[in-house]
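Overview (structure and organization)
Spelled out from the first residue to the last, the chains are:
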Amino acid sequence: MNLPPTSTNAAAESLLTEVFGYAAFRGQQAAIVDHVIADGDALVLMPTGGGKSLCYQVPAIARHRAGRGVSVVVSPLIALMHDQVGALEEAGVHAAFLNSTLTSEEAARVEREMMSGRLVLLYAAPERVTTPRFLAQLDSLHERGLLSLFAIDEAHCVSQWGHDFREDYLSLNVLHERYADVPRIALTATADELTRADILLRLQLQDARIFISSFDRPNIRYRVVEKDNARAQLLRFLRDEHEGDAGIVYCQSRRKVEETAAWLSAEGITALPYHAGLDAGVRKTHQDRFLREDGVAMVATIAFGMGIDKPDVRFVAHLDLPKNIESYYQETGRAGRDGLPADAWMAYGLADVVNQRRMIEESPAAEAFKRGQRGKLDALLALAEAHDCRRVRLLAYFGEDSPPCNPGYQNVCDNCLRAPATWDATEAARKALSCIYRFHQHGGQRFGAGHLIDVLRGKATDKVAQHHHEGLSTYGIGADVSETQWRAVLRQLIALGHLRTEGEYNTLEPTPSARDVLRGEVTLLLRETVATPKRGKGARAPGAGRGGKIKPPPLPLDEAGVERFTALKAWRTGVAREHNLPPYVVFHDAALAEMAQRCPSSLDELGAISGVGAKKLEAYGRDILRVLEGEAG
Ligand code: ADP
Ligand code: ZN
């Protein structure tokens, strides 16, 4: 599906080096940039962290230099425009935003810059772009040949199928109707076919060239752990592997967000809550702290994350099951944009499956829609239960063929790192199902997982006595299987659709396919849980490594190098504060690490470091050399 890159436009590449300080385009960037510079429309599908911004920024700059005027970037996120524009201005690109946070004088100044054609990039939200006032301004620019390009970021917001639908995006087709000769580039990290078709249709991009990149994120380690005590597991994960790192912890409900953030804070971790129910001011403060400070864990609902381009998010943890694989990939994709190792960690348990299934069944949606939702949930559950390579499964879901992780990857998935032991749970599943049938025969009643497990394990509880279940032939037939394992068996039966839960007590109800399991026609292979089960053993892959700390510095540095790195970071903090921008907008950690390692002694040498463009060299070069000299003694 990937189109071969066309001839790299040498001018665009030298612009990339001059302005952004990068040596070369990545993947399809070169082809996209060429196409858009030459007036082509494009739809760009690239994973988060793939480098979408440059796909419109470089053409915008090239076209501006060629006298084509202003590029308009449609972005749904007012709260992030300030930093996006700040990053461009740092690189010496004249950019601005128009949104409700500006005073009328500030807005008037931006409009003057825009109308004069001096501005290279203007960021605005869709609701502004489609106002009569703004369109009149665009008309004027267009008449004078100064309307260069439209970039529509987060283009999946136009689709009702997607997860971030915005009504205002639907009106954006006016841009095509009014300015048919102005090229448009739409960008998204949402890969599924349905959304893609919807974007093309609704934005009237049928003639656009489609650029699909590989969605592989080799620096992300995917890991799913079985929920035991989720909080304790999360804490261990954070303490053992991500002390002092920035990351996101996703929870399903607002309440859980608040509780988890409070609890992590009490445990001494810098954790802040974020959800749509919080006051806008609080949300902004928390987001700013996450972006500007080192090592903040944001505990959030899915309301947080879109457009967050912080490069050094080292982990994304899910305490609850996401809605589907698209959401999971989008959310986890926010880790490791800088290409350094990062973790996608998820704790998953029986209650997650039950809740997600119930949410679908109880929703008022049409049956066809529910069927679609069920299919998506099934795919996600299969990923969570998988004992083979998670990356292969993820990419296969997006229609990509990929070999399993190999040692060449910076970060292999949990299953490849250490092949999970499995046990044959077919017999256990049959026992569980026949016990459920016995309940029904016995008193016509249904029960939840807790009681079922008690009966299978032969526990003498009040409830057992009350219903005389100690007399059932299935009482105690599963004493050799631990409670955790039983939960895994039931979870898998629900995940596979042989069981479903009903009513407020989540009573277990067999589905028609449960008969196949009872007849022994379905084999259930389960991952071994942490507490080693007594039955059936699967082999551990010989020589497979063990999980451990994975936090190498951006580059190997000797002691003096570390000192220089620390001094550079302190200097960067000062600059960032002065400019009211996040530190990574000034320089990425990776750039500082390379400076610390190579210790350049001239502006020329410094300028050769990745991420140091002409403007930054001019603005900061001398200061950096001074910092390096000072620390190098
Ligand atoms: P996306 O919007 O696709 O999630 P970004 O545009 O934020 O990704 O880019 C991700 C990171 O990769 C950014 O830090 C960006 O500076 C960097 N990057 C993008 N393209 C290149 C390139 N050609 N060379 C070096 N770094 C790049
Ligand atoms: Zn793998």
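Up top is the structure these notes are about.
Residues numbered from 1 in each chain as written. Chains lettered and ligands numbered in written order. Predicted model: local features only at pLDDT ≥ 70, side-chain atom pairs only at ≥ 80, totals over all residues. Heavy atoms only, no water.

To continue, consider the overall build of the protein chain. What the protein chain contains, in helices and strands, is 27 helices and 17 strands. Relative to the globule expectation of 26 Å for 633 residues, the C-alpha radius of gyration of the protein chain, 27 Å, shows essentially globular dimensions. C-alpha extents for the protein chain along the principal axes are approximately 85 × 65 × 45 Å. Looking at the protein chain alone, contacts between residues at least 24 apart form 74% of all its contacts between residues at least 6 apart. (Helix = DSSP H or I, 4+ residues; strand = E, 2+ residues; numbered from the N terminus. Rg over C-alpha atoms; globule rule 2.2 N^0.38 Å. Contact = heavy atoms within 4.5 Å.)

The next point concerns the site of ligand 1. Around ligand 1, a shell composed of 15 residues is seen, among which Tyr22, Gly49, Ser53, Arg337 and His588 lie nearest. Between Lys52 and ligand 1, the recorded distance is 2.8 Å, taken from a side-chain N or O atom to an oxygen atom. About the coverage of ligand 1: the protein hides 85% of its 570 Å² of free accessible area. A total of three residues in the shell around ligand 1 trace back to one element, the largest contributor, which is helix H3 (residues 52-65). Considering only residue class, the shell around ligand 1 consists of five nonpolar, seven polar and three charged. (Near = heavy atom within 4 Å. Polar contact = N/O pair within 3.5 Å; in protein donor to acceptor, adjacent residues only side chain to side chain. Areas by Shrake-Rupley, 256 points an atom, 1.4 Å probe, with all protein chains shown as cover. Nonpolar A, V, L, I, M, F, W, Y, C, P; charged D, E, K, R; others polar.)

This part is about the coordination of the zinc ion (ligand 2). Each protein donor to the zinc ion (ligand 2) is listed here as Cys389 (SG), Cys405 (SG), Cys413 (SG) and Cys416 (SG); together their distances run 2.3 to 2.4 Å. Motif for the zinc ion (ligand 2), donor spacing along one chain: C-x15-C-x7-C-x2-C. Taking the relative accessible area as the measure of exposure, Cys413 reaches 0% and is therefore buried. (Donors = N, O, S within 2.8 Å, 3.2 Å for Na, K, Ca; no water. Buried < 20%, exposed > 50% of the residue type's maximum accessible area, 1.4 Å probe, protein only.)

Moving on, we come to the pattern of salt bridges. With the rule as written, the count across this model stands at 43 salt bridges. Notably, a salt bridge pairs Arg292 with Asp83, separated by 3.1 Å at the nearest N-O pair. Taken together, the positions of Arg292 in helix H12 (residues 280-292) and Asp83 in helix H4 (residues 78-90) put the pair 209 residues apart, joining distant regions of the chain. Taking the shortest distance from any N to any O, the salt bridge between Asp288 and Arg292 comes out at 3.6 Å. Taken as a pair, Asp288 and Arg292 lie in helix H12 at a separation of four residues, close to a single helical turn. When salt bridges with common partners are traced through the structure, they connect Asp83, Lys284, Asp288 and Arg292 into a single cluster. (Salt bridge = Lys/Arg side-chain N within 4 Å of Asp/Glu carboxyl O.)

Of note, Ala62 is situated in helix H3. Put simply, Ala62 and Ala11 are 51 residues apart on the chain and 8.3 Å apart in space, counted from C-alpha to C-alpha. Once you skip the residues sitting within four places of it in the chain, Ala62 turns out to touch Leu15 and Ile37.

Before going further, it helps to examine the nonpolar core. In this structure, Leu121, Leu138, Ile185, Phe290 and Leu490 are the most contacted members of the largest nonpolar core, which totals 162 residues. In terms of residue count, helix H18 (residues 426-443) provides more of this core than any other element does, eight residues in total. Phe290 has contacts with Ala246, Gly247, Ile248, Val296, Met298, Phe304, Ile308, Lys310 and Val313, leaving out every residue within four places of it along the chain. The next biggest cluster of nonpolar side chains, apart from the first, holds 23 residues, and it includes Leu557, Val575, Leu617 and Tyr620. (Core = buried A, V, L, I, M, F, W, Y, C linked by side-chain atoms within 4.5 Å.)

Let us now look at the packing of aromatic side chains. This structure, assessed with the given rule, holds 14 aromatic pairs. Summarising the aromatic geometry, the rings of Phe150 and Tyr179 are spaced 5.9 Å apart at their centres and angled 35° between planes, so their arrangement reads as tilted. On the criterion of sequence distance, the pair formed by Phe150 in strand S5 (residues 147-152) and Tyr179 in the loop between helix H8 (173-178) and strand S6 (184-188) is long-range, its members being 29 residues apart. We note that Phe150, like Tyr179, is buried. On the numbers, 6.3 Å between centres and 35° between planes, the contact of Trp571 with Phe587 is tilted. (Phe/Tyr/Trp six-rings, centres within 6.5 Å; stacked < 30°, edge-to-face > 60°.)

Along S6, five of the five residues are buried, which leaves the element largely enclosed by surrounding structure. In S6, alternate side chains face the same way, and those of Arg184, Ala186 and Thr188 on one face and Ile185 and Leu187 on the other are all buried.

Read across the sheet, seven strands follow the order S3-S4-S2-S5-S6-S1-S7 without closing on themselves; strand pairing throughout is parallel. Here the strands that pair on one side only, and so sit at the sheet edges, are strand S3 (95-98) and strand S7 (209-212). The average undirected angle you get between the axes of adjacent strands in this sheet is 20°. Two elements, strand S1 (residues 42-45) and S6, share four bridges in a ladder whose sense is parallel. For Val44, the partnering residue across the bridge sits in S6 and is Leu187. Most of the contacts of H4 go to S3, to which it runs at about 165°, and overall it touches S3 and strand S4 (121-124). (Pairing = 2+ DSSP bridges. Axes fitted to C-alpha atoms, helices over the stretch in contact; angles between N-to-C directions.)

Next up on the list: the sheet that holds strand S12 (residues 313-318). Ordered by their spatial adjacency, six strands build an open sheet running S8-S13-S12-S9-S11-S10, and the pairing between neighbours is parallel. With partners counted over all chains shown, the strands left at the sheet margins are strand S8 (220-226) and strand S10 (271-274), one partner each. On average, each strand axis in the sheet is inclined to that of its neighbour by 15°, with strand direction left out of account. Running at roughly 165° to strand S13 (residues 342-348), helix H10 (residues 230-241) makes contact with S8, strand S9 (246-250), S12 and S13 of the sheet.

What follows deals with the side chain of Glu400. Relative to the elements of secondary structure, Glu400 occurs in the loop between helix H16 (390-397) and helix H17 (414-417). This buried residue, Glu400, is left without a salt bridge; Arg196 holds the nearest opposite charge, at 8.9 Å. A polar side-chain atom of Glu400 sits 2.8 Å from the main-chain amide nitrogen of Phe215. Residue contacts for Glu400: discarding those within four places in its chain leaves Ser213, Ser214, Phe215, Asp216 and Leu395. (Lys, Arg positive; Asp, Glu negative; His and termini not counted.)

When the terminal C-alpha atoms of helix H14 (residues 350-362) are compared, their 18 Å separation across 13 residues agrees well with the 18 Å that a helix rising 1.5 Å per residue should span. Of the residues making up H14, those classed as buried are Leu350, Asp352, Val353, Val354, Gln356, Arg357 and Ile360. Considering only its buried residues, H14 is in contact with S13, helix H15 (367-385), helix H19 (449-457), helix H21 (483-495) and strand S15 (499-502). (Expected span 1.5 Å × (residues − 1).)

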